[in-house]
Amino acid sequence: MFEKTGSLGGMLGFASMVKGPHENLDDLAAYLERQLEIAGVNVTLNKEVDQALIDSEAPDAVILAVGGTRTKLDVSGGVPVIDFDSFMTADMGENVVVYGSNAQAFDCALWLTVRKKHVTIVTPSANKDLDMQQSQHAMRFMTTALYSLGVKVYPGASIKQIGDGQVTIATEVGTNVTIDCDAVIDGAEMEPNTALLDGISVSETYAIGDCNEPFNIALAIRSGNDVARAL
């Protein structure tokens, strides 16, 4: 196993910080890491894999688990657009727009709201798809909690324009709504990221987790389990 950063777990560490200790994600990461040790898996940290490395290893199979890529929100103007990975440390005012409706975007909205920010969610997704990556139990809790805390959600909408301290939203019913905004957090949907598998000369290749089909932690782990058993 090769990992380009200095620690294993991918987005688990980030998810743990956003969601909080009650979901025991740190324990999950520690458990999985210990299982690698017990199974005798050779792990190399701080090593990014490229085609040359794959060729030098000459493996019988390659399993790609590099995570998805997040599409960039193509707007700019009088308020900053903050990358999703940076929202917990970014300097922002009281009025925040979270763009996106995946589980990560909803976790971000709740994290900000608990910290007394006035949050508005804008997403091109339909209302029925809001927070669909959570479990049914968590989805009901998250959506109810956000609405009760005063979060406004615009489904089927887009950010039409960013002005000076304001954002104009194009709604699903064809109207424009302008709201106060000090920062926009880009939590747009992730897309598959399998380019590394293109052109390599290996008999078996697999893409698992978010790099193949972005969704959630549980399905990412399950896809890895399924592929490992198939091998």
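Please read these numbers as outputs of a predicted model, since none were measured by experiment. Note that residues are indexed from 1 along each chain, following the sequence as it is written. Local features in this predicted model are restricted to residues whose pLDDT is 70 or higher, and side-chain atom pairs enter the listing and the counts only when it is 80 or higher, whereas totals over whole chains, interfaces and linings include all residues. The basis for every side-chain value is the complete set of heavy atoms in the structure, and neither hydrogens nor water enter the calculation.

Participant: I'd like a rundown of helix 6 (residues 217–230), residues and numbers included.
Facilitator: Counting along an α-helix, one turn takes 3.6 residues, and residues three or four places apart therefore face a common direction. For helix 6, which comprises 14 residues, the first-to-last C-alpha distance of 20 Å matches the rise-based estimate of 20 Å (1.5 Å per residue) to within 8%. Two or three places before Ala-218, at the opening of helix 6, Asn-216 has a side-chain oxygen 3.4 Å from that residue's backbone nitrogen. Only DSSP runs of H or I with at least four residues qualify as helices, and only runs of E with at least two residues qualify as strands; both kinds are numbered from the N terminus onward. What a helix is expected to span follows from its residue count: subtract one and scale by 1.5 Å. In protein, a polar contact means a hydrogen-donor-capable atom and an acceptor-capable atom, both N or O and within 3.5 Å, with residues adjacent in sequence counting only if both atoms are side-chain atoms; elsewhere, any N or O pair within 3.5 Å suffices.

Participant: Tell me about the packing of aromatic side chains, and name the residues and values.
Facilitator: Here a pair means two rings of Phe, Tyr or Trp (six-membered ring of Trp) with centres within 6.5 Å. Their orientation is stacked below 30 degrees between planes, edge-to-face above 60, and tilted elsewhere. All chains considered together, the criterion is met by four aromatic pairs. Ring geometry for Phe-84 against Phe-87: centres 5.1 Å apart, planes inclined by 55°, an arrangement best described as tilted. Summary of the burial criterion: residues with accessible area below 20% of their type's maximum are buried, those above 50% are exposed, and those between are partly exposed, where the area comes from a 1.4 Å probe applied to protein chains only. When its relative accessible area of 2% is taken as the criterion, Phe-84 is described as buried. With relative accessibility at 1%, the residue Phe-87 sits in the buried group. Through pairs of rings, three or more aromatic residues link up here, namely Phe-14, Phe-84, Phe-87 and Trp-111. Two thresholds decide whether a charge sits over a ring: the Lys NZ or Arg CZ must be within 6 Å of the ring centre and within 35 degrees of the ring normal. Across from the ring centre of Phe-84, 4.6 Å away, lies the NZ or CZ of Arg-70, which sits over that ring. Between Lys-152 and the ring centre of Tyr-154, over which it is positioned, the NZ or CZ distance is 5.2 Å.

Participant: So what's going on with the pattern of salt bridges? Which residues, and what values?
Facilitator: We define a salt bridge as a side-chain nitrogen of Lys or Arg found within 4 Å of a carboxyl oxygen belonging to Asp or Glu. Taken as a whole and assessed by the stated rule, the structure comprises five salt bridges. Across the pair Lys-19 and Asp-107 runs a salt bridge, and its minimum N-O distance is 2.6 Å. Separated by 88 residues along the polypeptide, Lys-19 in helix 1 (residues 12–19) and Asp-107 in helix 4 (residues 103–114) bring together distant segments of the chain. For Lys-19, a relative accessible area of 16% translates into the label buried. Classification of Asp-107 by relative accessible area gives buried; the value is 10%. The partner of Glu-94 in a salt bridge is Lys-117, with the nearest N and O atoms 3.8 Å apart. Of the two residues, Glu-94 sits in the loop between strand 3 (81–83) and strand 4 (95–99) while Lys-117 sits in the loop between helix 4 and strand 5 (118–122), which places them 23 residues apart along the sequence. According to the relative accessible area criterion, Glu-94 is partly exposed, its value standing at 44%.

These figures come from the coordinates and say nothing about function on their own.
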